[in-house]
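# Close look at the chain arrangement
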Amino acid sequence: MAAAAAARVDPARTLQDPQVQFGLMNRNLPGFGLQDPLGMNQVQVMQMLPIAGQLGLAGRVAAAQAGAAASRAAELTWELRARGAMAFYELYQVDRSIEVAVATQALLRDIGTTARTMYSVGEGRQADVLRAQIEVDRMTEEIARMRAMRGAAAARLNALLDQPSNTPVPSPILPAFPADLAVADSLERMALDGRPMLAAGALEVEAARAAQQRARREIWPDLQLGVIYGQRPMAMGTERMISLMAGFSVPIWAGRRQFKMRDEASAMRLAAEAELAAMRADTRGRLGELLASIRRSRDLRALYQGTIMPQALATVSSTLSAYRVGDVDLPMLLDAQMTVNRYRQ
């Protein structure tokens, strides 16, 4: 689409094709001979010339629209990159979640083994053995569900890469993320100055303003110039003649045509300006949302890693010891272990 828009620039700046007419003037019927003294053979060339700079303004409109199309193509590149990143990190999240679920399932099996051992020596209950097995089976179901999600995420990534959906996708490895980001004001300036869609919006505004200028000049008549060459055979030789013509259009329907074109161009300019303002506001708002999400994620990660996870693991260890001596029941131990699973997720 960007290449097609660029190809429209030169045609917009170029004059219309001239018209060439051939005529056999004033022939006798029957016989089709030259009528004396008016008969002649004639060649006529006519050229329409827009005035008041309309051709240059049309070129400005087309050039700005071509630039906007190129910027939209660049924006599409970033959109596809973002979709690829989302699919990549979705795969990472699912793979790590499966790892956590498999590890949790192994711990639940260990708890089930402890319950069976205690039951076999008369210190536990059969209900505890059954309950532990149910939790292991529930985790098996959860792992199967997450593996299906993994297959769907891999298919989405393969689609973005234009590969068959069953192409193997290895487990992603996280890149090294920066420890800090630039301050919000700097990021906002970068976004407003560097986002291709905003550049496209600005060029659309420029095109709309040039179109509005052109619409104001539509009231000026188009000039038409012509040259006519004629000749006819005479007794003394060929007689040759030339005529020059000039004409122009008459805007007698200006109230219903040219003035309405002005109204349309004015409305299109206002729409382009409003759309650009909306895109800038959306960019600022989206950036604020992302920064808030990053801060929240980093704070929660520090909280889970530094405080919650160590406490949850200590709770599981303490509860397991208490269960072995009969101070707590199995549901309390299972609840503590599943809480650790949720925190790891």
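Residues numbered from 1 in each chain as written. Predicted model: local features only at pLDDT ≥ 70, side-chain atom pairs only at ≥ 80, totals over all residues. Heavy atoms only, no water.

## Regarding the overall build of the protein chain
Applicable threshold: Helix and strand assignments follow DSSP, with helices taken as H or I runs no shorter than four residues and strands as E runs no shorter than two, numbered in order from the N terminus. With C-alpha atoms as the basis for the radius of gyration, the globule rule is written as 2.2 Å multiplied by the number of residues raised to the power 0.38.
Within the protein chain one finds eight helices and four strands. Of the regular secondary structure in the protein chain, the N- to C-terminal order runs α-α-β-β-α-α-α-α-β-β-α-α. Taking 20 Å as the expected radius of gyration for a compact globule of 345 residues, we find that the protein chain reaches 40 Å, considerably beyond that expectation. Considered along the principal axes of its C-alpha atoms, the protein chain spans approximately 140 × 50 × 35 Å.

## Some points on helix H6 (residues 196–216)
Quick note on the threshold: Here the expected length of a helix is defined as 1.5 Å per residue gap, with one fewer gap than residues. Categorising residues by exposure relies on relative accessible area from a 1.4 Å probe, with only protein chains included: less than 20% of the type maximum marks a residue as buried, more than 50% marks it as exposed, and the intermediate range marks it as partly exposed. Only heavy atoms enter the contact rule, under which two residues are in contact if any of them lie within 4.5 Å.
For H6, with 21 residues, the first-to-last C-alpha span of 30 Å sits near the 30 Å given by 1.5 Å per residue. Taken together, the buried positions of H6 are occupied by Pro196, Met197, Leu198, Ala200, Gly201, Val205, Ala207, Ala208, Ala210, Gln212 and Ala215. Buried positions along H6 lie against helix H3 (54–120), helix H5 (184–194) and helix H7 (258–324).

## A short note on the environment of Pro331
By the secondary structure assignment, Pro331 is in helix H8 (residues 330–344). C-alpha of Pro331 to C-alpha of Arg125: the two residues are 206 residues apart in sequence and 12 Å apart in space.

## Looking at the pairing of strand S4 (residues 237–248)
Rules: A pair of strands is considered paired only if DSSP assigns at least 2 bridges between the two.
For strand S3 (residues 223–234) and S4, the ladder comprises 12 bridges, and the chain directions are antiparallel. Its bridge partner lying in S4, Met234 is registered against Gly237. Here S3 hands over to S4 after two residues, the two strands then running antiparallel side by side.

## Description of the nonpolar core
Short version of the rule: In plain words, nonpolar cores are sets of buried Ala, Val, Leu, Ile, Met, Phe, Trp, Tyr and Cys residues tied together by side-chain atoms within 4.5 Å.
Formed by 20 residues in total, the largest nonpolar core has its most connected members in Leu108, Ile111, Met139, Tyr323 and Leu330. Elements supplying a minimum of two residues to this core: H3, helix H4 (126–160), H7 and H8. In terms of residue count, the dominant contributor to this core is H3 (seven residues). Excluding its chain neighbours within four sequence positions, the residues that come into contact with Tyr323 are Thr114, Ala115, Met118, Asp128, Val328, Asp329, Leu330 and Leu333. In this structure, Ala68, Met197, Ala200 and Val205 belong to the second largest nonpolar core, which totals nine residues.

## Let's talk about the packing of H3 against H4
Our working rule: For helices, the fitted line uses only the C-alpha atoms of the stretch in contact; every axis is such a line through C-alpha atoms, and the angle between N-to-C directions lies from 0 to 180 degrees. Any angle from 65 to 115 degrees is called roughly perpendicular, while one under 35 is roughly parallel, one over 145 is roughly antiparallel, and all others are oblique. By convention the crossing between two helices is left-handed if the near helix lies anticlockwise of the far one by an angle smaller than a right angle, and right-handed if it lies clockwise. In this classification, the charged set is Asp, Glu, Lys and Arg, the nonpolar set is Ala, Val, Leu, Ile, Met, Phe, Trp, Tyr, Cys and Pro, and all remaining amino acids, among them Gly, are polar.
Contact geometry for H3 and H4: axes closest at 8 Å, N-to-C directions at 165 degrees. The angle between the axes of H3 and H4 places the two elements in the roughly antiparallel class. For the pair H3 and H4, the crossing hand works out as left-handed. Its residues assigned to classes, the contact of H3 with H4 comprises 21 nonpolar, eight polar and 10 charged.

## Some remarks on the environment of Leu270
Looking at the element boundaries, Leu270 is found in helix H7. For the pair Leu270 and Val205, spaced 65 residues apart in sequence, the C-alpha to C-alpha distance is 8.4 Å.

## Regarding the sheet that holds S4
Here four strands make up an open sheet; going across it, the order is S1-S2-S3-S4 and the pairing antiparallel. With partners counted over all chains shown, the strands left at the sheet margins are strand S1 (19–25) and S4, one partner each. Recorded for the sheet is a direction-independent mean angle of 15 degrees between the axes of neighbouring strands.

## Quick notes on the pattern of salt bridges
The following threshold applies: We count a salt bridge whenever a side-chain nitrogen from Lys or Arg sits within 4 Å of a carboxyl oxygen from Asp or Glu.
The tally for this structure, following the rule as stated, stands at 14 salt bridges. Its salt-bridge partner being Glu99, residue Arg96 comes within 3.0 Å of it at the nearest N-O pair. Here Arg96 and its partner Glu99 are both found in helix H3, three residues apart, which amounts to about one turn of the helix. Assessed through its relative accessible area of 47%, Glu99 is described here as partly exposed.

## Digging into a nonpolar patch on the surface
We apply this condition: For patch building, the residue pool is restricted to those with more than 30% relative accessible area and no salt bridge; the joining distance is 9 Å between like charges and 5 Å between nonpolar side chains (Val, Leu, Ile, Met, Phe, Trp, Tyr). With residues, only the protein chains shown are counted as cover, and all accessible areas are computed by Shrake-Rupley using a 1.4 Å probe.
On the surface, Phe248, Val250, Ile252 and Trp253 cluster together into a nonpolar patch covering about 520 Å² of accessible area. Residue placement: Phe248 occurs in strand S4.

## Describing the side chain of Gln258
On the secondary structure map, Gln258 appears in helix H7. Beyond its immediate sequence surroundings of up to four residues, Gln258 is in contact with Ala215, Glu218, Ile219, Pro251 and Trp253.

## Focus: the packing of aromatic side chains
Note the following rule: Here a pair means two rings of Phe, Tyr or Trp (six-membered ring of Trp) with centres within 6.5 Å. Their orientation is stacked below 30 degrees between planes, edge-to-face above 60, and tilted elsewhere.
Evaluation of the coordinates by the stated rule reveals three aromatic pairs. Where Phe88 meets Tyr89, the ring centres are 5.2 Å apart and the plane angle is 90 degrees; that geometry is what we call edge-to-face. Under the relative-accessibility criterion, Phe88 is labelled partly exposed at 27%. You can call Tyr89 partly exposed: its relative accessible area is 32%. Plain terms: the ring middles of Tyr89 and Phe177 are 6.0 Å apart, the flat faces sit at 45 degrees to each other, and that makes the pair tilted. One end of the pair, Tyr89, is in helix H3; the other, Phe177, is in the loop between H4 and H5, with 88 residues separating them in the sequence. Among the aromatic residues, ring-to-ring pairing joins Phe88, Tyr89 and Phe177 into one connected group.

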